[in-house]
Structures are given as C-alpha cells and as structure tokens.
Amino acid sequence: MSAVEVLRVFTGPDGRGGNVLGVVRDGAAVPGTAARQALAAELGYSETVFVDDAERGVIDIWTPGVRLPFAGHPTVGTAWLLGAEVLRPPAGEVRAWTQGPFTWVKGRAEWASGRRTQQYRSPVEVDALPSPPPGEGWLYAWAWDDEAEGRVRARAFPRRGDGIVEDEATGAAALVLSDQLRRPLDVRQGTGSQILTRVHPDGTVDIGGRVVRAR
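A. The arrangement of the overall build of the protein in detail. Within the protein, the regular secondary structure consists of four helices and 14 strands. Here the C-alpha radius of gyration of the protein, 16 Å, is about what a compact globule of 215 residues would show, namely 17 Å. The principal-axis extent of the C-alpha atoms belonging to the protein is close to 50 × 35 × 30 Å. Within the protein, buried positions represent 55% of all 215 residues. Pairs at least 24 residues apart make up 56% of the contacts formed inside the protein by residues separated by at least 6 positions. Treating the 25 positive side-chain charges of the protein as one cloud and the 27 negative ones as another, the clouds have centres 1 Å apart.

B. Broad picture of the packing of aromatic side chains. This model, assessed by the stated rule, comprises three aromatic pairs. Seen from their ring centres, W97 and W104 are 6.4 Å apart, and the 10 degrees between their planes marks the pair as stacked. Positioned above the aromatic ring of W138, the side-chain terminus of R115 is 5.4 Å from the ring centre. The ring of W104 has R198 lying over it, and the distance from NZ or CZ to the ring centre is 3.7 Å.

C. Quick peek at the nonpolar core. The biggest cluster of nonpolar side chains holds 43 residues, and the ones touching the most others in it are Y140, V152 and V187. The element best represented in this core is helix α4 (residues 171-181), accounting for six residues. Ignoring sequence-local partners within four residues, the contact set of V187 consists of Y140, V152, A154, A174, S193, Q194 and I195. Membership of the second largest hydrophobic core comes to ten residues, among which are V6, A40, L43 and Y45.

D. Main features of the side chain of R210. Positionally, R210 belongs in strand β14 (residues 204-213). It is D14 that comes nearest to the buried, bridge-free R210 among opposite-charge side chains, at 7.5 Å. Setting aside residues up to four positions removed in sequence, R210 forms contacts with R8, V9, F10, T11, G12, P13, P101, F102 and Q194.

E. Structural view of the pairing of strand β2 (residues 17-24). Counting buried positions along β2 gives seven out of eight residues, so the element sits mostly inside the fold. Between strand β1 (residues 5-11) and β2, which pair antiparallel and follow one another directly, the connecting turn spans five residues, one of which, G15, has a positive phi of 90 degrees. One ladder, built from four bridges, connects β2 with strand β3 (residues 47-53); its direction is parallel. When the sheet's bridge partners are listed, L21 is paired in β3 with E47.

F. Structural detail: unusual backbone geometry. Between S131 and the following residue, P132, the backbone shows a cis peptide bond with an omega angle of 0 degrees. Its place among the elements puts P132 in the loop between α3 (123-127) and β10 (139-146). Even without glycine at this site, R159 takes up a positive phi of about 45 degrees. Note that R159 resides in the loop between β11 (151-157) and α4.

What counts as what
Residues numbered from 1 in each chain as written. Predicted model: local features only at pLDDT ≥ 70, side-chain atom pairs only at ≥ 80, totals over all residues. Heavy atoms only, no water. Helix = DSSP H or I, 4+ residues; strand = E, 2+ residues; numbered from the N terminus. Rg over C-alpha atoms; globule rule 2.2 N^0.38 Å. Buried < 20%, exposed > 50% of the residue type's maximum accessible area, 1.4 Å probe, protein only. Contact = heavy atoms within 4.5 Å. Lys, Arg positive; Asp, Glu negative; His and termini not counted. Charge placed at Lys NZ, Arg CZ, Asp CG, Glu CD. Phe/Tyr/Trp six-rings, centres within 6.5 Å; stacked < 30°, edge-to-face > 60°. Lys NZ or Arg CZ within 6 Å of the ring centre and 35° of its normal. Core = buried A, V, L, I, M, F, W, Y, C linked by side-chain atoms within 4.5 Å. Salt bridge = Lys/Arg side-chain N within 4 Å of Asp/Glu carboxyl O. Pairing = 2+ DSSP bridges.

Printed below as a string of structure tokens:
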C-alpha cells in the first residue's frame, strides 16, 4: 500500500471527534481512477486525498465509492498538512489559511450539491435519529442549539451505500447550511467535532477547524 498520512479534521475544543482523513502525498504512486478508488475503499475513511502536485495544490478526492469535486474536511486537512495557501480540487481554486488553532478554506455551496439539509426541533431529536435514518440520499440533520449564538447540533448521513454510515464531521454540508441560512455558524457534529463557518457577500463561505495527526 502507498504511504498514507492519517489526520483527524474538525476536532472539538477538547480534542475529541474529528473526521478521519487519509492523505497520499505522492499521488503519482497511485495512478488512475481504478487504483485510487480501490485504495480509498480499502482504507474505508470518509475521504482519501491524492496529492498530484503539492507545489500547485492539485488534489484528487475520493470516498470509498465515488470521486468528489470538492469536500470540506479533505481540503482543510490537506491545507494544514501541506501548509498550502491554495488547493486545486476538481471544483476549482480553494484559498486556505491559518488563524490561531484553526485552518480555513473558502468554498462555494454549488461545489457541494446533493447534500440535503433538514431542520429538527431540538438537538435531542437530532441525537435520537437512527444511524442512518430511513430514506435515500445525503442527509444533513440539524437543529439550533443556541440560535442567537449561531450554534448548531448536526449529524450527517451519506446514505450512498459505500460503508460510511455516518460522517463524523462534514465541512461541505456545514458550508451548504451556512449558505442557506446566510449567517456564520458554530457546528457541533458527531461525537465531538466542531466546524466554524463564515459567510461573505460574494457568495463564498469559509470553513474552519482544528486538525491533528491521527497516528
């Protein structure tokens, strides 16, 4: 197997949570879509990134079942690992930067199409959902924990049949929700993850979080 660096992206203030990400720095060592799909499936992480040009920030993002044009935790995690100011996934140019303990990237909601959000009445209702809930297609279940403060409780269910039953932290879905609500959010997702967002007048949304090495 090619060398894979493993990170946890969007960890909480206490270090818990964070979505596991595999990063193959030498993308050339895994050429072709079939080989990349096979490795991503073998690893079984929500996403695996192949770095095709570290200097230019060209990356390729795979789930165990599909290739993605853009995703939140892969871009945040890879930006942190490479110290990159720009990443170039298939969706387009993604600016990246660090502020304190948070690594940020700038994206657009249209890059994350297909993620349906559904509001529930309380965090208790969100936490009571089975994993996954009945139905098909990507579901981002959320409720206000403190609407005045912009704090949200969320869980994410890809429901695409690739073995990822629930996503621990989903930057792209948080981006979509922040774009829909047109306000910054402090999202607490999964078992202990934290995702921050900021909305800009030009339609872009910043996604920020902490990153640590998983091993």
